[in-house]
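Take a look at the letters that make up each chain.
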Amino acid sequence: MSTRSRPAVQDRASRPVISRARAAASAPWPPRTALVTGASSGIGRAAALRLAQDGTKTLLVGRNGVALDEVAAATGGHRFATDLTAVGAETAVASRATELLGDVDLLVLSAGIGAAGPFEVMSPNALRDLVTVNVLAPMMLVRAVLPAMLDRGEGRILLVGSVAGALGVRGEVAYSASKAALVGFADALRSEVRGRGIVVTLCLPGAVDTPFFHRRGAPYVRRWPKAMPPSRVADRMLAGVARGSAEVWVPGWMSLAARVHGAAPPLYRRLANVFG
Ligand SMILES: NC(=O)c1ccc[n+]([C@@H]2O[C@H](COP(=O)([O-])OP(=O)(O)OC[C@H]3O[C@@H](n4cnc5c(N)ncnc54)[C@H](OP(=O)(O)O)[C@@H]3O)[C@@H](O)[C@H]2O)c1
């Protein structure tokens, strides 16, 4: 059941068209409610803790029930343990959100997995799981939550991508491709819902100090840039969502690498071959 009165459902053509600036201004901030995937660890957990400080009611999604319990206790949020690779998981998550939160003001899509090593030896199962968690699950969840946001004429969607998706990192071929898919998804979605009250923000973090590297089976070995605390990424990306930003690079200077990549690909490739 919705916690707020909602205008009667309109067909797509008759829904009101409003400007991007007004979209950002009309969606409430801090959000009253948020559905956060990946809330049991790392960046998603940090985002849930930050949102709770602002009084946002959350539904915390992950697989690890013990870790979710800890975040739920710290935030007062609801928790829902599920594997996002399961068929129908997005429907179950969305209906749990409606039941426990009512309207979802903010959808934070942080669940993700990495993979490192030569692409040619990556197992087909690992490849399938990676694409399912990193690409299909966020798309399915947006698909499940977006119609109600459009009906209300407000809502915010935050996708956690990666600089790897903008640059293409050797040794992380499948991961880079999955995060590049989110770049295209966010761009196209933003364009499609433009003027209808929805903010779509893509965060592109560099290395973040979370269990991500241990889980993928390859530690973060670069001496520079240093891996950032997840709380910094959470603060920056949520501030970007509040502003209605399309993209949030953390750290911000990493967007320069993407600009070189876009403007002068041969130069970028030469530099990447030298610096890795
Ligand atoms: N760490 C980095 O350097 C870095 C850099 C750029 C982008 N990112 C992106 O940031 C996001 C968060 O990563 P992180 O660093 O916070 O990693 P993390 O600490 O390993 O957290 C990953 C989260 O995703 C959830 N998850 C993974 N597979 C799942 C599945 N099948 N079903 C449901 N939930 C699942 C995990 O839940 P359980 O633990 O409960 O299984 C966990 O909450 C990811 O999308 C990642 O690609 C990370």
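One numbering rule holds for all chains: residues counted from 1, following each sequence as written. With the structure being a predicted model, the display of local features is reserved for residues of pLDDT at least 70 and the display and counting of side-chain atom pairs for 80 or more, all residues being used for whole-chain, interface and lining totals. The basis for every side-chain value is the complete set of heavy atoms in the structure, and neither hydrogens nor water enter the calculation.

J.: So what's going on with the UniProt feature "domain: Ketoreductase" (unreviewed entry) in the protein chain? Which residues, and what values?
T.: Feature annotation in UniProt assigns "domain: Ketoreductase" (unreviewed entry) to the following positions: residues 32-211. Counting secondary structure, residues 32-211 comes out at 50% helix and 18% strand; the distance between its end C-alpha atoms is 29 Å. UniProt positions are given in the numbering used here, feature names are shortened, and annotations may be inferred rather than shown by experiment. Per the convention used, a helix needs a DSSP run of H or I reaching at least four residues, while a strand needs a run of E reaching at least two, with both numbered from the N terminus.

J.: Please give an account of empty space enclosed by the protein that cites residues and values.
T.: We place a 1 Å grid over just the protein atoms. Points where a 1.4 Å probe fits but has no way out form a cavity, open points with protein on both sides within 12 Å along at least 5 of 7 lines form a pocket, and any residue with an atom within 4 Å of a point lines it. Grid points are joined across faces, edges and corners, and a volume is the space filled by probe spheres set on the points. Enumeration over the complete set of coordinates arrives at one cavity of 30 Å³ or more. The space that makes up the largest cavity amounts to roughly 40 Å³. In terms of lining residues, the largest cavity is bounded by Thr37, Leu84, Leu109, Ser110, Ala111, Val133, Ala137, Pro138 and Leu141. Here the element with the most residues in the lining of the largest cavity is helix H5 (residues 124-152); it accounts for four residues.

J.: Explain the nonpolar core to me, and be specific about the residues and the numbers.
T.: What we call a nonpolar core is a set of buried Ala, Val, Leu, Ile, Met, Phe, Trp, Tyr and Cys residues that are connected through their side-chain atoms within 4.5 Å. Any residue under 20% of the maximum accessible area for its type is buried, any over 50% is exposed, and the rest in between are partly exposed; the area is computed with a 1.4 Å probe on protein chains only. Counting 38 residues, the largest nonpolar core has Leu35, Ile157 and Leu159 as its most contacted members. For this core, the element with the highest residue contribution is H5, accounting for seven residues.

J.: Break down the environment of Asp187 for me, with residues and values.
T.: Structurally, Asp187 can be placed in helix H7 (residues 173-192). Look at Asp187 and you get partly exposed, because its relative accessible area is 37%. Separated by 47 residues in sequence, Asp187 and Met140 have C-alpha atoms that sit 16 Å apart. In terms of polar contacts, Asp187 uses its side chain to reach the side chain of Arg190, at 3.0 Å. Polar contacts here mean pairs of N or O atoms no more than 3.5 Å apart (in protein, one a potential hydrogen donor and the other a potential acceptor; neighbouring residues in sequence count only if both atoms are side-chain atoms).

J.: Summarise the site of the ligand; cite the residues concerned and give the values.
T.: Being near a molecule or strand, for a residue, means having at least one of its heavy atoms within 4 Å of it. Close to the ligand lie 32 residues; Ser40, Ser41, Asn64, Tyr175 and Thr210 are nearest. One nitrogen or oxygen atom from the main chain of Leu84 is found 2.8 Å from a nitrogen atom belonging to the ligand. Interatomic distance of 2.6 Å between a side-chain N/O atom of Thr210 and an oxygen atom of the ligand. Computed by Shrake-Rupley with a 1.4 Å probe, the accessible areas treat only the displayed protein chains as cover when residues are assessed. Look at the ligand: alone it shows 890 Å² of surface, and the protein chains cover 97% of it. When residues of the shell around the ligand are traced back to their parent elements, those giving at least two are helix H2 (42-53), H7 and helix H8 (212-216). Ranked by residues supplied to the shell around the ligand, first place goes to H8 with three residues. Among the residues making up the shell around the ligand, the classes are represented as 14 nonpolar, 14 polar and four charged. Each residue gets one label: Ala, Val, Leu, Ile, Met, Phe, Trp, Tyr, Cys and Pro are nonpolar, Asp, Glu, Lys and Arg are charged, and the others, such as Gly, are polar.

J.: Requested: an account of the packing of helix H10 (residues 254-263) against helix H11 (residues 265-275), with residues and values cited.
T.: The description of two packed helices rests on the angle between their axes and on the distance between the axes. Contact geometry of H10 with H11 gives a least axis separation of 5 Å together with a crossing angle of 125°. Relative to H11, the element H10 is oriented oblique. From H10, Ala257, Val260, His261, Gly262 and Ala263 reach across to H11, where they touch Pro265, Leu267 and Tyr268. For the contact of H10 with H11, the class distribution of residues is six nonpolar, two polar and no charged. Where helices are involved, their axes are fitted lines through C-alpha atoms of the stretch in contact, as for all axes, and angles between N-to-C directions lie from 0 to 180°. Roughly parallel means an angle under 35 degrees; roughly antiparallel means over 145; roughly perpendicular covers 65 to 115; every other angle is labelled oblique. Contact definition: two residues touch when any of their heavy atoms are within 4.5 Å.

J.: Got a sec to walk through unusual backbone geometry? Specific residues and values, please.
T.: Cis geometry is adopted by the peptide bond preceding Pro30, which originates at Trp29 and carries an omega value of -5°. Assignment of secondary structure puts Pro30 in the loop between helix H1 (20-26) and strand S1 (33-37). The step from Val250 to Pro251 runs through a cis peptide bond, and the omega angle for that step is -5°. Relative to the assigned elements, Pro251 resides in the loop between strand S7 (247-250) and H10.

J.: Help me get a handle on helix H4 (residues 89-101), residues and values and all.
T.: Expected helix span is computed as 1.5 Å times (number of residues minus one). Given a rise of 1.5 Å per residue, 13 residues ought to cover 18 Å, and the 18 Å separating the end C-alpha atoms of H4 matches this to within 8%. Taken as a whole, H4 has its buried residues at Ala89, Glu90, Val93, Ala94, Ala97 and Leu101. When H4 is viewed along its axis, its buried side chains cluster within an angular range of 130° and face the same direction. In the core, the buried residues of H4 are packed alongside S1, strand S2 (57-62), strand S3 (78-81) and H5. Residue Gly102 follows H4 closely and has a positive phi angle near 80°. Think of it as the arc spanned by the lines of direction from the helix axis to the C-beta atoms.

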